[in-house]
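In case you want the letters, here they are:
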Amino acid sequence: LLGVVVNGTVAALRAHHKHNWSSVVISLLGGASLGFAACLTTVSTFVAEVVQLRAAKRKRVATAYMLGSILLALVLSIIISGVSEAVGGEGVLEPQRGQE
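The rules behind these values
- Residues numbered from 1 in each chain as written.
- Predicted model: local features only at pLDDT ≥ 70, side-chain atom pairs only at ≥ 80, totals over all residues.
- Heavy atoms only, no water.
- Helix = DSSP H or I, 4+ residues; strand = E, 2+ residues; numbered from the N terminus.
- Phe/Tyr/Trp six-rings, centres within 6.5 Å; stacked < 30°, edge-to-face > 60°.
- Buried < 20%, exposed > 50% of the residue type's maximum accessible area, 1.4 Å probe, protein only.
- Patch = residues over 30% accessible without salt bridge, like charges linked within 9 Å, V, L, I, M, F, W, Y side chains within 5 Å.
- Areas by Shrake-Rupley, 256 points an atom, 1.4 Å probe, with all protein chains shown as cover.
- Salt bridge = Lys/Arg side-chain N within 4 Å of Asp/Glu carboxyl O.

## Some remarks on the environment of V83
Okay, step 1: By secondary structure assignment, the location of V83 is in helix α4 (residues 59-86).
Okay, step 2: Put simply, V83 and A12 are 71 residues apart on the chain and 8.3 Å apart in space, counted from C-alpha to C-alpha.

This is the structure:
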């Protein structure tokens, strides 16, 4: 979930400050999002954790963990995008100018 927060925050910062910051800073933020945050959102680790729980005969816990993680990630993404929009930036989920 930390990876979702980092990715969402970086996307919001890039959308909100793209006209104020240099292209180098924007590129560095993009690199941080793709590199650092990507390692925090590794799907294989998530799947391994769910498989371990299921193998330990904890199917309900595995299902709750899986659904809870996905739902919490969605909620965090929506909150971060909404905050970015509320403070005057372009929405993270909206197309950038010239990319429509």
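On we go from here.
## Quick word on unusual backbone geometry
Okay, step 1: A positive phi angle, close to 60 degrees, is found at K57, a residue other than glycine.
Okay, step 2: Inspection of the secondary structure puts K57 in the loop between α3 (43-55) and α4.

## Brief notes about the packing of aromatic side chains
Within a pair of aromatic rings, the relevant descriptors are the distance that separates the centres and the angle that separates the planes.
Okay, step 1: Applying the stated criterion across every chain yields a total of one aromatic pair.
Okay, step 2: Ring geometry for F46 against Y65: centres 5.7 Å apart, planes inclined by 35 degrees, an arrangement best described as tilted. Pair noted here: F46 is in helix α3 and Y65 is in helix α4, with a separation of 19 residues, a long-range link.
Okay, step 3: By relative accessible area, which is 23% here, F46 ends up partly exposed.
Okay, step 4: A residue is classified by how much of its surface remains accessible, and Y65, at 30% relative accessible area, is partly exposed.

## Here's the deal with a nonpolar patch on the surface
Okay, step 1: Together, M66, L67, I70, L71, L74 and I78 make up a nonpolar patch on the protein surface, roughly 570 Å² of accessible area in all.
Okay, step 2: Here L67 is to be found in helix α4.
Okay, step 3: Look at L67 and you get partly exposed, because its relative accessible area is 46%.

Shape is all these values report; function is a separate question.
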